[in-house]
Amino acid sequence: MRRKRDGYIRQTSMPAQRLGQRANNKIYLFRRVIFIAAIVLTLSFIGKIVLSFFGAEYVSLELSGNIHYTDVQIYDALGKQLQNIVTDSEEQTSIYLKQHLSYIKDAHVTKHVMKRMLTIEITEREPFVLVRVDPTANVSVNWNSSFFLVDSEGHVLKHIDKGNANPEISEQFRKMVVLSAVSDALPKVGTAVGMSEVALGLEILKTALLQEQDLATQIENIDASNSEKIKLQLDAFPVPVWLAADAIESGLHHIALFLKQHKIQVLQLIRENSSETQPYLDARFQDTIYLGGLAESE
C-alpha cells in the first residue's frame, strides 16, 4: 500500500506480516494433527491390551435363569462369538443367543472386563401347546403330520415326535393341548408360527385359562381353520364343540355351564342314539347353546 505524506510516497510492509501469520497457523494446525494422532494410537494400544486381557480362554461365564439349557450348552452356542465379546455390544450378544437357542426369550448380558467375567441373565420360554401341521393337497413332497412344541406367543421351541416310538417324549407331551393346522410348509424352529389358525387357537386357550379354568383342563384339541366354526375336542366328552371367533368369551362360558349342568344327560342321550348320528354342541351364538345331530326320538 502506498500513502502520500508531506510531499513523498512511503511503501508499507503489511503483505509480509500476513504471510508470517499464515505460516504460524499452518504450524499450529500440524501440531494439533500430530497430537490427536498420538492420542488415537495410544488408545488403540490400550484397547488391544484390554482385548488380550479379556481373551475368551480366560473368560469365566456366570449364568442365571437357565433351566432348559445347561451352562455348557450356552457356552458352546456362543462359540467363536466370545472372541469378539468386548468389541460386540451386549445387545448383539443377546440377539445371537436368541437366534441360536430357541428356548431363550431374552438374555441380559453384562461384561466385567477387569474381573474377566461375562454375566448372562437368561429368560426362557415356557412350552404351552403342541401344533400339529398336516400337509395340504398342493404339497409335492410327501410328509406325515408333524408336531411342534410352541410357547404362548406362538414361538416354535422344538420339532418333536408325538408317536409311541419314544415313550418318554410321548408321556411328556401327551396331556398338552394340540392345535391343528394345515400348511404347505413346516414351521421353522426358533421363529414364530405364521398361521392364523394357530394364533386363534392360542387366543382361545389363553382365554379359557383366564376365565374358565375347569373347562381349559378338559380341552384336548382346537381346530381353528374355520373362524366361523372352530372345533374343540374335550376330554371324556365325545361330542365336538363349536365356537365362533367373534364370540369366544361367551361361547366358552356357555360351554362350561352346560357341562356342569347337563354333561351326564348328554352322554346318556349319545349312548341311546344310533352310531350313525354325529352329535355336536354348538356354542357359536351369544345367548344360547345348541345340542344338535341327535336322532329324533320316536
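This is a predicted model, so every value here is computed, not measured. (Residues numbered from 1 in each chain as written. Predicted model: local features only at pLDDT ≥ 70, side-chain atom pairs only at ≥ 80, totals over all residues. Heavy atoms only, no water.)

This part takes up unusual backbone geometry. Notably, Ala 236 is not glycine yet its phi reads approximately 60°, a positive angle. If you trace the backbone, Ala 236 turns up in the loop between strand S11 (230–234) and strand S12 (237–243). (Helix = DSSP H or I, 4+ residues; strand = E, 2+ residues; numbered from the N terminus.)

Moving on, we come to the packing of helix H2 (residues 71–78) against helix H3 (residues 90–100). Helices that pack against each other are described as a pair by the angle of their axes relative to one another and the distance between those axes. Packing of H2 against H3 brings their axes to within 10 Å, and their N-to-C directions diverge by 110°. The angle between the axes of H2 and H3 places the two elements in the roughly perpendicular class. As H2 runs across H3, the sense of the crossing is right-handed. In contact with Ile 74, Ala 77 and Leu 78 of H2, H3 contributes Thr 93, Tyr 96 and Leu 97. Broken down by class, the residue content of the contact of H2 with H3 amounts to five nonpolar, one polar and no charged. (Axes fitted to C-alpha atoms, helices over the stretch in contact; angles between N-to-C directions. Parallel < 35°, antiparallel > 145°, perpendicular 65-115°, else oblique. Left-handed = near helix turned anticlockwise from the far one by under 90°. Contact = heavy atoms within 4.5 Å. Nonpolar A, V, L, I, M, F, W, Y, C, P; charged D, E, K, R; others polar.)

Attention now moves to the pattern of salt bridges. Counting across every chain of the model gives five salt bridges. Between Glu 153 and Lys 105 there is a salt bridge whose closest N-O contact spans 3.2 Å. Residue Glu 153 is found in the loop between strand S7 (146–150) and strand S8 (156–160), and its partner Lys 105 is found in strand S4 (residues 104–112); the two are separated by 48 residues along the sequence. On the basis of relative accessible area, Glu 153 is assigned to the partly exposed category, the value being 48%. With a closest N to O distance of 3.3 Å, Asp 134 and Arg 132 form a salt bridge. Judged by its relative accessible area of 33%, Arg 132 is partly exposed. (Salt bridge = Lys/Arg side-chain N within 4 Å of Asp/Glu carboxyl O. Buried < 20%, exposed > 50% of the residue type's maximum accessible area, 1.4 Å probe, protein only.)

This part covers the sheet that holds S11. Read from one edge to the other, the open sheet built from nine strands follows the order S8-S7-S6-S9-S10-S11-S12-S13-S14, with strand pairing classed as mixed. On the outer flanks of this sheet lie S8 and strand S14 (288–292), each paired with one strand and no other. Adjacent strand axes in the sheet meet at a mean angle of 25°, parallel and antiparallel pairs treated alike. Of the strand pairs in this sheet, strand S10 (residues 219–223) and S11 are connected by four bridges, and their pairing is antiparallel. Each residue of the ladder has a partner; that of Asp 223, found in S11, is Lys 231. Its contacts with the sheet put helix H5 (residues 196–211) on strand S6 (129–135), strand S9 (178–183), S10, S11 and S12, and the angle it makes with S9 is roughly 170°. (Pairing = 2+ DSSP bridges.)

Before going further, it helps to examine the pairing of S10. Relative to S10, S9 runs parallel, the two sharing three bridges. Within S10, the position partnered with Val 178 by the bridge is Asn 221. Where S10 folds back on S11, the antiparallel hairpin that results is connected by six residues.

Glancing now at the packing of aromatic side chains. Across all of its chains, the model carries three aromatic pairs by this definition. Ring geometry for Tyr 69 and Tyr 103: centres 5.8 Å apart, planes at 85°, overall edge-to-face. Separated by 34 residues along the polypeptide, Tyr 69 in the loop between strand S3 (60–64) and H2 and Tyr 103 in the loop between H3 and S4 bring together distant segments of the chain. Residue class for Tyr 69 comes out buried when judged on its relative accessible area of 10%. (Phe/Tyr/Trp six-rings, centres within 6.5 Å; stacked < 30°, edge-to-face > 60°.)

A word on H3. Turning to H3, its buried residues number three or more, namely Thr 93, Ser 94 and Leu 97. Projected down its long axis, H3 shows its buried positions confined to an angular sector of 100°, all on one face. Turned more than 90 degrees off the buried face of H3, the exposed positions are Glu 91 and Gln 99. Buried residues along H3 sit in contact with H2, S4 and strand S5 (117–124). (Arc of directions from axis to C-beta.)

With that settled, the discussion passes to the pairing of S5. Pairing of S3 with S5, which is carried by five bridges, proceeds in the parallel orientation. Residue pairing across strands places Leu 63 opposite Ile 120, the latter belonging to S5.

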